[in-house]
Structure formats: C-alpha cells, structure tokens
Amino acid sequence: MASDKYFLYHGLLLPAVAHNEESLKYACDFKVHDQDVFAVTYPKSGTTWMQEILPLILNGGDLTPVQSIPNWDRVPWLEETRASLVLKGQPSPRAMVSHLPYHLMPPSFFTSKAKVIYVTRNPKDVMVSSFYFHKMASFLDDPGTFDEFLDKFLSGQVLFGKWTDHVKSWYSSDLGDRILYITYEEMVKDLRGVVERFSRFLGRELSKEALDRVAKQCYFSNMKTNPMSNYSLVPQDIMDSSKSPFLRKGIVGDWKNHFNPEQDAKFTAVLKEETKELDIKFPWEEE
C-alpha cells in the first residue's frame, strides 16, 4: 500500500487524509464523560446510519441536526482530525463514532459510565462495500481486482485491520450493561424497532410519533438524498461518486452478486476458523 495515503497506528492502517499523530493523541487523551454515547463499527458497517440515528434520539426526535449539519460534524469520529474542533465545548450528552478496537479506546472510557452501541455487519457485505469505497475514494489505494482485495481483507491489509480482530475485541469486552450489540441486518429488517431499542438503552424514551419520525428520516432512501449525509458535499476529486456513490445500496446480501463459489468457500472457512471462540450466532450465518 502507498505509505503516503495511510497512517500506521498500533499496526492498523488509517487513512492519512483524516488521521495523524495529533488526532490519535487527542483520542487517547480524551476525557470521556459518563453521559457520552459511542457508536462503534468496523468500517462500512453502518457508521453513517448511526450518525443519522443518534442525534435524533438524543434530541427527542428533532430533525434539525440531520438537516443542517454534515454527519462528520454532528457525530464526529473520535480518532479523526476534526474531533478536537467539533467536540471542544460541546455539551453533554456528546455522541461520537469510532472505528477503534476495544483496547485502543481512551483510558478514561473504561472508568466512565459512557454507553456504546456496537454495530456488526456480514463481513462479506462489508468487503463488497469497502471494495467500491476504495474505487471512489482518491485518498485510498486502488483495490485491484475483487479477488486481490478479498485476500487483503482476509489478511487485514485494509483500514483498521482484520474484521475478525475488531469484532472479537468488542464482543470480548467486559462493559456489561454499558454496551448494546446490534447488527446491520437487524436494522434493515426492523429499523423502527431498533430505534426504539436504542432509545430505551440510552434512557431517551421517545413518543410513538417521535419514533416514527426518526425511523422515517433514517430510511436509506432518505439518507441517500440528504446532502448532509450522502457525502455530496465532499469535492469530486476526493470522493468520486461517478465511480460509485458513497451510499451505494444499503441492502443485505449484495455479496452474492460478487462472490464466486470458490471465493465464498475460502472467505467462510477463514472467518469460521478465526471466530470459533466466539459463542455468537450472527443472523447472516442462518442464510
């Protein structure tokens, strides 16, 4: 990989366009408040979706934030360069997203009462989404062929390392009732029900009308047309939507349109071996 495009942090590749020594030091030294809320994901697992949902729940269903503030400022990435600017002086409860594995969260996170929603997605769909993201993002290396990118994904030579390492780190956490696990697939199947679960978890009971309003706003089709959420504000020379839109399909099972039987068998075998110690049944394993 081209070294000038990536920042290496504890062995993980991070895009240099949004990460540097100062931003990672800020994340490490960050003073987490008890009222803070984190949505943690492996890249391409529903991060933008969570940036749409969280402020709406925390604001009682008021749509103003998602209609007037770009997603990267309304719910910033803790580890990215804009975090220090956006979070400075921001009142509680502060909502943030992160791609960091569990052990790289700031020390103050572990002693706080901050809550976490960890979103997991079928890694085959994650890989397909990441493949297209690499095609449209000039700040990332060209992914090569699908087969080549599959090998990079399985070996962890991609953003934020191996999917299996990330998932295992968070599913092995000892956060107790501070963490809520959800899957992208559950969100696709019953978004309103998931929004209601989120609101209860965060202690923000919303009215039926507010839940309906939030769920409707957060449908993929609505996010795709929202300039504050669809990355259309980003210059074309940085993210070329003519090659692939940032919000592409937002569906479950698109991997079946890309994997051949040999790739499927290889991918499945590696994932099964690397997650065998996890006593979890993910929804996509029932397909």
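Rules and cut-offs
Residues numbered from 1 in each chain as written. Predicted model: local features only at pLDDT ≥ 70, side-chain atom pairs only at ≥ 80, totals over all residues. Heavy atoms only, no water. Helix = DSSP H or I, 4+ residues; strand = E, 2+ residues; numbered from the N terminus. Buried < 20%, exposed > 50% of the residue type's maximum accessible area, 1.4 Å probe, protein only. Contact = heavy atoms within 4.5 Å. Phe/Tyr/Trp six-rings, centres within 6.5 Å; stacked < 30°, edge-to-face > 60°. Lys NZ or Arg CZ within 6 Å of the ring centre and 35° of its normal. Axes fitted to C-alpha atoms, helices over the stretch in contact; angles between N-to-C directions. Parallel < 35°, antiparallel > 145°, perpendicular 65-115°, else oblique. Left-handed = near helix turned anticlockwise from the far one by under 90°. Nonpolar A, V, L, I, M, F, W, Y, C, P; charged D, E, K, R; others polar.

(A) Quick peek at the overall build of the protein. Secondary structure summary: the protein contains 14 helices and 6 strands in total. Per-residue burial for the protein yields a buried fraction of 56% across its 287 residues. Counting only contacts in the protein whose residues sit at least 6 apart along the sequence, the fraction spanning at least 24 positions is 72%.

(B) Structural detail: the packing of aromatic side chains. Per the counting criterion, the structure on display carries 23 aromatic pairs. Both rings, one in Phe 153 and one in Phe 267, keep their centres 5.8 Å apart while their planes meet at 20°; by these two values the pair is stacked. Of the two residues, Phe 153 is situated in helix α8 (residues 146-155) and Phe 267 in helix α14 (residues 261-274); the sequence distance between them amounts to 114 residues. Residue Phe 267 is classed as buried on the basis of its relative accessible area, which comes to 0%. Ring centres of Phe 259 and Phe 267 lie 5.4 Å apart, and the angle between their planes is 85°; this geometry places the pair in the edge-to-face category. The buried category is assigned to Phe 259, whose relative accessible area is 9%. Directly above the ring of Phe 133 sits Lys 44, whose terminal nitrogen or CZ lies 4.2 Å from the centroid.

(C) Layout of the packing of helix α7 (residues 123-136) against α8. Relative to each other, α7 and α8 sit at 120°, their axes nearing to 10 Å. One element, α7, and the other, α8, form an angle in the oblique class. Between α7 and α8 lies a crossing of right-handed hand. On α8, the residues that touch Pro 123, Val 126, Met 127, Val 128, Ser 130, Phe 131 and His 134 of α7 are Phe 146, Phe 149, Leu 150 and Phe 153. The residue makeup of the contact of α7 with α8, split by class, is 9 nonpolar, 2 polar and no charged.

(D) Spatial organisation of the environment of His 10. Mapping His 10 onto the fold places it in the loop between β1 (6-9) and β2 (12-15). Put simply, His 10 and Leu 104 are 94 residues apart on the chain and 8.6 Å apart in space, counted from C-alpha to C-alpha.

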